[in-house]
Amino acid sequence: QVQLVESGGGLVQAGGSLRLSCAASGRPFSGYGMGWFRQAPGKQREFVAAISRWSGGLTYYADSAKGRFTISRDNAKNTVYLQMNSLKPADTAVYYCAAATTAFDYRDYDRSLKYDYWGQGTQVTVSS
C-alpha cells in the first residue's frame, strides 16, 4: 500500500553536495516517521538520518552524518529529503529511504526493523 521512490543520486567529487529525495504514497505522509539508510558493498546497512512524524518533527543523525547532512520533509509534497554536503569517498553507497507507520520510541529510529516500507535505493558515488 505504501511505495517509496528515491531519486537524486549520482557521481560527485569529494567536497561536493547532493540532495536526495524520497517520494511516498499510501497513508497520509505526515503520519510516517522517515529514515535514510545506506549500504556499501561488503558492509552492513547503516542508519544515516531520521525525522519523526507530523510537522516540526525531531531529527536524528548518525555520527557520520552529523554536521554535514540534513534531513527534512515537505508533507504537502509527500517527500522527504536528505541534503548531503561536504561529501567524502566514504559516503559512497546505495542510499535507501524508509517509512515507519508507528511513532519512534527511544532510539529505535536507527533500527532497520522499525521501518515498514523501503524504497529501491539510489546510488551515490563520491570520487577523490
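Residues numbered from 1 in each chain as written. Predicted model: local features only at pLDDT ≥ 70, side-chain atom pairs only at ≥ 80, totals over all residues. Heavy atoms only, no water.

Trainee: Kindly report on unusual backbone geometry, identifying the contributing residues and their values.
Mentor: For asparagine 78, which is not glycine, the phi dihedral falls at a positive 50°. Structurally, asparagine 78 can be placed in the loop between β7 (69–74) and β8 (79–84). You will see that arginine 107, though not glycine, has its phi angle at about 65°, which is positive. Inspection of the secondary structure puts arginine 107 in the loop between β9 (93–100) and β10 (117–118). (Helix = DSSP H or I, 4+ residues; strand = E, 2+ residues; numbered from the N terminus.)

Trainee: How would you summarise the sheet that holds β8 if you had to cite specific residues and measurements?
Mentor: Taken in spatial order, the 4 strands of this open sheet run β1-β3-β8-β7, and their pairing is antiparallel. Both edges of this open sheet fall to β1 (4–7) and β7, since each of them pairs with a single strand only. Here the strands of the sheet are splayed against their neighbours by 15° on average, with no regard to which way each runs. Across 4 bridges, β1 lies against strand β3 (residues 18–24) in antiparallel orientation. In the strand pairing of β3, glutamate 6 is matched with cysteine 22. (Pairing = 2+ DSSP bridges. Axes fitted to C-alpha atoms, helices over the stretch in contact; angles between N-to-C directions.)

Trainee: How would you sum up the state of the cysteines? Please name residues and give values.
Mentor: Taken as a whole and assessed by the stated rule, the structure comprises 1 disulfide. There is a disulfide in this structure between cysteine 22 and cysteine 97, and the S-S distance comes to 1.9 Å. For the disulfide bridge between cysteine 22 and cysteine 97, the dihedral angle about the S-S bond is near 50°, and by the sign convention the bridge is right-handed. Remark: cysteine 97 occurs in strand β9 and cysteine 22 occurs in strand β3; sequence separation between them is 75 residues. (Disulfide = S-S within 2.5 Å.)

Trainee: Explain the nonpolar core residue by residue, including any values.
Mentor: Ranked by size, the top nonpolar core spans 28 residues in total, and within it Met34, Trp36, Leu82, Met84 and Tyr95 carry the most contacts. At the level of secondary structure, the elements contributing two or more residues to this core comprise β3, β4 (33–39), β5 (46–51), β7, β8, β9 and β11 (122–127). For methionine 84, the contacting residues outside a window of four places in its chain are Gly16, Ser17, Leu18, Leu20, Arg68, Phe69, Tyr95 and Val124. Listed in part, the 9 residues of the second largest apolar core include Phe47, Ala50, Ala100 and Phe104. (Core = buried A, V, L, I, M, F, W, Y, C linked by side-chain atoms within 4.5 Å. Buried < 20%, exposed > 50% of the residue type's maximum accessible area, 1.4 Å probe, protein only. Contact = heavy atoms within 4.5 Å.)

Trainee: A description of the pattern of salt bridges should follow, citing residues and the corresponding values.
Mentor: Scanning the model with the defined rule gives 5 salt bridges in all. For glutamate 46, the salt bridge is made with arginine 38, and the minimal N-O distance between the two is 2.6 Å. One salt bridge in this structure joins aspartate 91 and arginine 38, with 2.9 Å as the shortest N-O distance. Highlighted residues: aspartate 91 in the loop between β8 and β9 and arginine 38 in strand β4, separated in sequence by 53 residues. Here aspartate 91 matches arginine 38 in class, with each residue buried. Overlapping salt bridges bring together Arg38, Glu46, Arg68 and Asp91 as one network. (Salt bridge = Lys/Arg side-chain N within 4 Å of Asp/Glu carboxyl O.)

Trainee: So what's going on with the side chain of serine 52? Residues and values would help.
Mentor: Looking at the element boundaries, serine 52 is found in the loop between β5 and β6 (59–61). When near neighbours in sequence (up to four residues on either side) are disregarded, serine 52 contacts Tyr32, Gly33, Gly57, Leu58, Arg73 and Phe104.

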